[in-house]
Amino acid sequence: KRLASGSWDKTIRLWDTTNGDCKAIMKGHTDYVTSIAWSPDGKRLASGSWDKTIRLWDTTNGDCKAIMKGHTNRVESIAWSPDGKRLASGS
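The present account deals with the structure reproduced in this document.

Notes on the sheet that holds strand β1 (residues 2–6)
Spatially, three strands are ordered β1-β2-β3 in an open sheet, and the strand pairing comes out antiparallel. Strands with a single pairing partner mark the edges of an open sheet, and in this sheet they are β1 and β3 (22–27). For this sheet, the mean angle separating the axes of adjacent strands, direction not counted, is 20°. The sheet contact formed by β1 and strand β2 (residues 11–16) spans five bridges and is antiparallel. Residue A4 lies in a different strand from β2, and its bridge partner there is L14.

Spelled out as structure tokens, the structure:
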């Protein structure tokens, strides 16, 4: 069981819910991380930030797989489609 948290320290952390240990710290955003969402298959994580980007993360190794740019203001919300093929974001 895993839990993900986004933070004002510009990181995303993956936690083991059985013992409370931090299993990974994912870095790359240059401003506050305000929204995170697990993909339906549980293998990817999307994060939105005040840096106006969305990042896609591989949660098996913590690598950033993509950076999506285009928002002209802070990204405040993100959500996956049920099939995991699309991502919606709000700014």
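Continuing now.
Topic: the sheet that holds strand β5 (residues 44–49)
An order of β4-β5-β6-β7 is seen for the four strands of this open sheet, with the pairing classed as antiparallel. On the outer flanks of this sheet lie β4 (33–38) and β7 (63–69), each paired with one strand and no other. Across this sheet, the average inter-strand angle for adjacent strands is 20°, counted without regard to direction. One ladder, built from five bridges, connects β5 with strand β6 (residues 53–58); its direction is antiparallel. Directly across from A46, in β6, lies its bridge partner L56.

Concerning the packing of aromatic side chains
Scanning all chains against the criterion turns up three aromatic pairs. An aromatic cluster is built from W8, Y32 and W50, whose rings are joined through pairwise contacts. The side chain of R74 reaches across the aromatic face of W50, ending 3.6 Å from its centre.

Quick word on the pattern of salt bridges
Applying the stated criterion to the full structure yields one salt bridge. D9 is the salt-bridge partner of R13, the closest N and O atoms lying 3.2 Å from each other. Take R13: its relative accessible area is 24%, and that puts it in the partly exposed class. Residue classification places D9 among the partly exposed residues on the basis of a relative accessible area of 38%.

Some remarks on the pairing of β7
Strand direction decides the pairing type here: β6 and β7, joined by six bridges, are antiparallel. Paired with T53 across the two strands is K69, which belongs to β7. Two successive antiparallel strands, β6 and β7, enclose a turn made up of four residues, where G62 displays a positive phi of approximately 80°.

Considerations on unusual backbone geometry
Within the chain, K10 stands out as a residue other than glycine whose phi angle is a positive 75°. Looking at the secondary structure, you find K10 in the loop between β1 and β2. One non-glycine residue, K52, lies in the positive phi region at around 75°. Residue position: K52 is located in the loop between β5 and β6.

How each quantity is defined
- Residues numbered from 1 in each chain as written.
- Predicted model: local features only at pLDDT ≥ 70, side-chain atom pairs only at ≥ 80, totals over all residues.
- Heavy atoms only, no water.
- Pairing = 2+ DSSP bridges.
- Helix = DSSP H or I, 4+ residues; strand = E, 2+ residues; numbered from the N terminus.
- Axes fitted to C-alpha atoms, helices over the stretch in contact; angles between N-to-C directions.
- Phe/Tyr/Trp six-rings, centres within 6.5 Å; stacked < 30°, edge-to-face > 60°.
- Lys NZ or Arg CZ within 6 Å of the ring centre and 35° of its normal.
- Salt bridge = Lys/Arg side-chain N within 4 Å of Asp/Glu carboxyl O.
- Buried < 20%, exposed > 50% of the residue type's maximum accessible area, 1.4 Å probe, protein only.

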